[in-house]
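Architecture at a glance
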Amino acid sequence: MINVAVLGYGTIGSGVVEVINTNNALLKENIRDDIQVKYVLDLRKFPGDPVEKVLTDDFNVILNDPEVDIVVETMGGIHPAYDFSKAALEAGKNVCTSNKAVVAECGHELMTIAKANSVNYMFEASCGGGIPIIRPLYSCLTGDVIEEITGIMNGTTNYILTKMFEEGASFEHVLKEAQDLGYAEKDPTADIEGHDPCRKISILSSIAYNKQMDYKDLYCEGITKLTAEDFKYAKKLGAKVKLFGTSTNTKDGIAAMVAPFMIDSSNPLYSVDGVFNAIFVKGNMLGDAMFYGSGAGKLPTASAVVGDVVEMARHLHETVNKVWSDEKISIIPQEKVMNAFFVRVKGSVSEEGKKVTELFGNVRFVETQELPGEFAFITEAMPEGEFNRKAEQIPGIISKIRSRLA
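Residues numbered from 1 in each chain as written. Predicted model: local features only at pLDDT ≥ 70, side-chain atom pairs only at ≥ 80, totals over all residues. Heavy atoms only, no water.

**Topic: the overall build of the chain**
Along its length, the chain carries 15 helices and 17 strands. Taken against the 2.2 N^0.38 rule, which gives 22 Å for 406 residues, the C-alpha radius of gyration of the chain at 23 Å falls within 12% of a compact globule. Dimensions of the chain, computed from C-alpha atoms along their principal axes, come out at roughly 75 × 45 × 35 Å. Looking at the chain residue by residue over its 406 residues, the buried ones come to 55%. Counting contacts in the chain only where the partners sit at least 6 residues apart, residues at least 24 apart contribute 73% of the total. Placing the 41 positive and 56 negative side-chain charges of the chain at their respective mean positions leaves the two points 3 Å apart. (Helix = DSSP H or I, 4+ residues; strand = E, 2+ residues; numbered from the N terminus. Rg over C-alpha atoms; globule rule 2.2 N^0.38 Å. Buried < 20%, exposed > 50% of the residue type's maximum accessible area, 1.4 Å probe, protein only. Contact = heavy atoms within 4.5 Å. Lys, Arg positive; Asp, Glu negative; His and termini not counted. Charge placed at Lys NZ, Arg CZ, Asp CG, Glu CD.)

Have a look at this one:
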C-alpha cells in the first residue's frame, strides 16, 4: 500500500485527492500497488466532505507516521510549505509540489536533501500546470544542448492579451473581466507584473542548463503598460502580443528575461490564445519542440502532480531526478541582450522619420488611420542598451514592445 499525505485542501490539493480517488484503479495498475490518501492537512473543517475522514490539522501526525511514503505539498507560498517539505524529505519521505515559489527559491536545496535521503523531490506542475515539461527536460532531452526555452507560462496574462487583441478593449477592462470569471486573483500582481513566469523560466533554465538561475536576477516586465492602441498596430501587422518567459543559450552566456513580445504567425507560439499555455524548446539535436496545454486549473494541474506521485511510487527509495549544480548561471546584462523593438511615436513619418532613420538605420515604418498624430517603427535587433541610448534622443515616444516579427 502506498500512503499519500496531501498538504492543503485548496483548489489543487482537492484536485489531487479527486484524481487519486477517481482514477484509483488505473493508478494501481501503473504503480502495481494499492494507493490511498491517508491524510489531508488543513486548518479548515469541511463538514459533509468525505475528506473529513482523513483530515488533520497537525503536520507532525504526518511526519511521524512511518507508513506515509509520499507527501504532496499544495499549500502555496514559501512558509510553512518549505519547512514542511524539508522536514518530510529529511524523514525519508518523497515530496512533490505544484508550488513554483518554493521550487524557484529553494528547489536546489530540497533536491539535494532528497538525494541525501534516497528519496525524490518532484515539481512537474510548478512550471506548466498540466503541461508536461519538467520530466521531458530531465528524461527525454538529456542528450541535447538546450539552445532556447521560450514560453507563454501564465494563463491569466494570456487571457488578458487575447481579449485585448480580439475586442480592442483596455487592459483595465479585461483585467476586471478576468477577475469576475475567476481567471485572475483579487490581487493579480504576481501574474500581470510577470513575477509568476519569472519564477517558472528560472526553474526551467536551471534544469536545462544544469546550473542555478535566480529569478531575482532576471529582467522582469509585465503587461500593465500595454494599451488598446498597441493592439491596433498589432492587427495591422498581422501580429499578436504575448508575455514571454525566455532564456537563450548564447556564446556569451544566458540571455533570460520576462517581457511582452510582438510576434507574427511564423512564431510557433502565435496561435496559443486564451488561458492556454505553451513552452517552446530548441535543442541542438532535437531542433524545435513545443509543449502545449492547460497551464492552470484544478484538474489539469492535479493530474501533473499525480504524475509525480506515480513516478515516486515506482521509485520510493531511489532518487530519479538529478540535482542541478549550485553554480550560478552567468546571465548576460540586460543592456547587452539583443532584441528588436516596435516603437510608437507622436508626430508623423514625414516630420520625425528622418531622425529615426539617422539613429536606427534600417527600420520599418507603420502608420494607421485609426491613430492620427502618431506613427510606429520596428527596429532591427540590437543591444538593448544601444536601443535605450538612441530612444532617449527621440522626443514623443509613447511606448515600446520587444519584437520577434519575421
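**Some details on the environment of Ser 247**
The topology assignment puts Ser 247 in strand 9 (residues 239–250). On the basis of relative accessibility, which here comes to 0%, the residue Ser 247 falls in the buried class. Beyond its immediate stretch of four places on either side in the chain, Ser 247 contacts Glu 147, Glu 148, Ile 149, Ile 201, Ser 205, Tyr 209, Ile 254, Ala 255 and Ala 256. Among the polar contacts listed, one links the side chain of Ser 247 to the side chain of Tyr 209, at a separation of 3.1 Å. (Polar contact = N/O pair within 3.5 Å; in protein donor to acceptor, adjacent residues only side chain to side chain.)

**Focus: the nonpolar core**
In globular proteins that are soluble, nonpolar side chains generally tend to be buried together. In terms of nonpolar packing, the biggest core is built from 83 residues, with Tyr 121, Phe 123, Ile 133, Ile 134, Ile 160, Leu 204 and Met 262 touching the most fellow members. It is helix 5 (residues 100–116) that contributes the most residues to this core, eight residues altogether. The contact partners of Ile 160, leaving out residues within four places of it in the chain, are Phe 171, Val 174, Leu 175, Ala 178, Ile 192 and Ile 223. (Core = buried A, V, L, I, M, F, W, Y, C linked by side-chain atoms within 4.5 Å.)

**Concerning the packing of helix 5 against helix 11 (residues 195–209)**
When two helices pack together, their arrangement is given by the angle between the helix axes and the distance between those axes. In the contact formed by helix 5 and helix 11, the axes pass within 9 Å of each other and the chain directions differ by 50°. What the angle tells us is that helix 5 and helix 11 run oblique. With respect to the hand of their crossing, helix 5 and helix 11 are arranged in left-handed fashion. For the pair formed by helix 5 and helix 11, the contact residues are Lys 100, Ala 101, Val 103 and Ala 104 on the first element and Asp 196, Arg 199, Lys 200, Ser 202 and Ile 203 on the second. (Axes fitted to C-alpha atoms, helices over the stretch in contact; angles between N-to-C directions. Parallel < 35°, antiparallel > 145°, perpendicular 65-115°, else oblique. Left-handed = near helix turned anticlockwise from the far one by under 90°.)

**Quick notes on helix 5**
Relative to the 24 Å expected for 17 residues at 1.5 Å per residue, helix 5 spans 22 Å between its end C-alpha atoms, a close match to the ideal helical length. At Cys 106, helix 5 shows its maximal bend, which comes to roughly 80°. The complete set of buried residues in helix 5 reads Ala 101, Val 102, Val 103, Ala 104, Cys 106, Gly 107, His 108, Leu 110, Met 111, Ile 113 and Ala 114. Residues of helix 5 that are buried make contact with helix 4 (81–90), strand 5 (94–97), strand 6 (121–122), helix 6 (125–128), helix 7 (134–140) and helix 11. (Expected span 1.5 Å × (residues − 1). Bend = angle between axes of the 7 residues up to and from the residue.)

**Section: unusual backbone geometry**
Along the chain, His 79 connects to Pro 80 via a cis peptide bond; the corresponding omega equals 5°. With respect to the helices, strands and loops of the structure, Pro 80 is situated in the loop between strand 4 (68–73) and helix 4. Positive phi, close to 65°, is recorded for Arg 32, a residue that is not glycine. You can see Arg 32 is positioned in the loop between helix 2 (24–31) and strand 2 (35–41). Residue Asn 210 is not a glycine yet carries a positive backbone phi of 60°.

**Remarks on the side chain of Ser 348**
When you line up the elements, Ser 348 lands in the loop between strand 13 (338–346) and helix 14 (349–360). The exposure class of Ser 348 is buried, given its relative accessible area of 18%. Every residue in contact with Ser 348, bar those within four places of it in the chain, is listed here: Gly 353 and Phe 375.

**Quick look at the packing of helix 1 (residues 11–22) against helix 13 (residues 298–314)**
At a closest axis distance of 8 Å, the pairing of helix 1 and helix 13 adopts a crossing angle of 65°. On the basis of the axis angle, helix 1 is roughly perpendicular to helix 13. For the element pair helix 1 and helix 13, the recorded crossing hand is right-handed. Across the interface between the two elements, Thr 11, Ile 12, Ser 14, Gly 15, Val 16, Glu 18, Val 19 and Ile 20 of helix 1 pack against Lys 298, Leu 299, Thr 301, Ala 302, Ser 303, Val 305 and Val 306 of helix 13. For the contact of helix 1 with helix 13, the residue count by class is eight nonpolar, five polar and two charged. (Nonpolar A, V, L, I, M, F, W, Y, C, P; charged D, E, K, R; others polar.)

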